[in-house]
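What follows is the residue order along each chain.
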Amino acid sequence: MLTIINLNSLKMYKIILFLLFSFLANAQTATDTIKATQSTVTTDTITQKKENFVLDTVSPYKFKYKQLIIPAVLIGYGFIGLESDWLKGFNSDIKNEVTEDIDQKITIDDFSQYAPAASVFALGALGIKGKHSMRDQALIMGASYVMMSATVFSLKSITHVERPDGTSFNSFPSGHTANAFAGAEFLWQEYKDKSIWYGIAGYAVATGTGIFRIVNNRHWLTDVAAGAGIGILSTKAAYWLYPYMKNKLFPSEGKKVSSLITPFYNGRELGCAAVVQF
């Protein structure tokens, strides 16, 4: 199916919508880029260079309050919109402006929601290695989707918000958008050391997915904002939990094993003794 949009009739609400998500995506990228740059600043001593490298390597696994700012703003905006008459009116204004310019829906958001996460595994299959092995990537993404799905479906059931098209009462938050932004954060974390453009592309696709959920009259702006925040936060939490999960699932990895085999003869018997230390 095709979407026909009269560009001349698009008003300020759509421009605000586009700039909102573009700014949030770029802010996320800029913040992490600055942190990555700062962590690579070294001094003349070899010891300090090694310390900086270690800090840059483990930083995705360390909880930092600053990483909560963008998800908290997005999720907070969504929750405030559940009770705020002004934001509800703003949602309705956006819906009216968008739907009057749409002749037919386009369902690209049903597929684009998975594109950022799928890109990570596709790049790995093409030989462009990310930060982790494919097995560990699956572990991280699996944990992210479990947390994200549990949060989204619980909130849908609790909040009982009607969709803009009136088809059901499970609008808040947007699951498609949460999927897309969880994958975008995943793509960013795995490939930001290769090039920031991987992350930018992932967030652009995620932003487009959120916009199409509104264009297709399936979600309010507050639904999309909350979904984006939940998706980002779920993936960040998966990276924070990754060392613990890996240690529990694969406890023997990374542990050094030393062994010693010593022959002995006690005057009557000949043999050997083996000692293995884990």
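That block above? That's the structure.
All of the points below concern the structure found in this document. None of these values were measured; they are calculated from a predicted model. (Residues numbered from 1 in each chain as written. Predicted model: local features only at pLDDT ≥ 70, side-chain atom pairs only at ≥ 80, totals over all residues. Heavy atoms only, no water.)

Further remarks concern the packing of helix α6 (residues 115-125) against helix α8 (residues 175-191). Contact pair α6 / α8: the axes reach a minimum separation of 6 Å and the direction vectors enclose 35 degrees. Touching P116, A117, S119, V120, F121, L123 and G124 of α6 are A180, G183, A184, F186, L187, E190 and Y191, all from α8. Split into classes, the residues belonging to the contact of α6 with α8 amount to 10 nonpolar, 3 polar and 1 charged. (Axes fitted to C-alpha atoms, helices over the stretch in contact; angles between N-to-C directions. Helix = DSSP H or I, 4+ residues; strand = E, 2+ residues; numbered from the N terminus. Contact = heavy atoms within 4.5 Å. Nonpolar A, V, L, I, M, F, W, Y, C, P; charged D, E, K, R; others polar.)

Its place among the elements puts V161 in the loop between α7 (134-159) and α8. Exposure remark for V161: the relative accessible area of 19% places this residue in the buried category. C-alpha separation for the pair V161 and F172, spaced 11 residues apart in sequence, amounts to 5.8 Å. Discounting residues that sit within four places of it in the chain, V161 has contacts with L82, S168, F169, N170, S171, F172 and W220. (Buried < 20%, exposed > 50% of the residue type's maximum accessible area, 1.4 Å probe, protein only.)

Among the nonpolar cores identified, the biggest contains 28 residues, and I140, M141, M148, F172, F186, I230 and Y242 are the most heavily contacted of them. Here this core takes 8 residues from α7, the largest share from any one element. The residues contacting M148, other than those within four sequence positions of it, are A178, N179, I230, G231 and S234. Within the second largest apolar cluster, 11 residues are counted, among which are L74, A180, F181 and I232. (Core = buried A, V, L, I, M, F, W, Y, C linked by side-chain atoms within 4.5 Å.)

This next bit is on α7. Every α-helix winds through 3.6 residues per turn, so residues three or four apart in the chain are directed the same way. Here α7 contains 26 residues, and its C-alpha end-to-end distance of 37 Å stays within 8% of the 38 Å for a straight helix at 1.5 Å per residue. Every buried residue of α7 is accounted for by D136, Q137, L139, I140, M141, A143, S144, Y145, M148, V152, L155 and K156. If you follow the buried residues of α7, they end up packed against α3 (69-83), α6, α8 and α10 (221-249). Positioned one or two residues after α7, H160 has a phi angle of 55 degrees, which is positive. (Expected span 1.5 Å × (residues − 1).)

Next up on the list: the pattern of salt bridges. When the charged atoms of two side chains lie near each other, side chains of opposite charge can form a pair. As enumerated under the stated definition, the model contains 6 salt bridges in all. A salt bridge links D109 to R213, with the nearest nitrogen and oxygen atoms 2.6 Å apart. Placement of the pair is D109 in helix α5 (residues 109-112) and R213 in helix α9 (residues 196-215), with a sequence separation of 104 residues. Considered together, D109 and R213 belong to a single accessibility category, that of buried residues. Note that K246 is salt-bridged to D136, the shortest N-O span being 3.5 Å. Of this pair, K246 sits in helix α10 while D136 sits in helix α7, and the two are 110 residues apart along the sequence. The exposure class assigned to K246 is partly exposed, which follows from its relative accessible area of 24%. Salt bridges sharing common partners tie together R135, D136 and K246. (Salt bridge = Lys/Arg side-chain N within 4 Å of Asp/Glu carboxyl O.)

What is shown is where atoms sit, not what they do.
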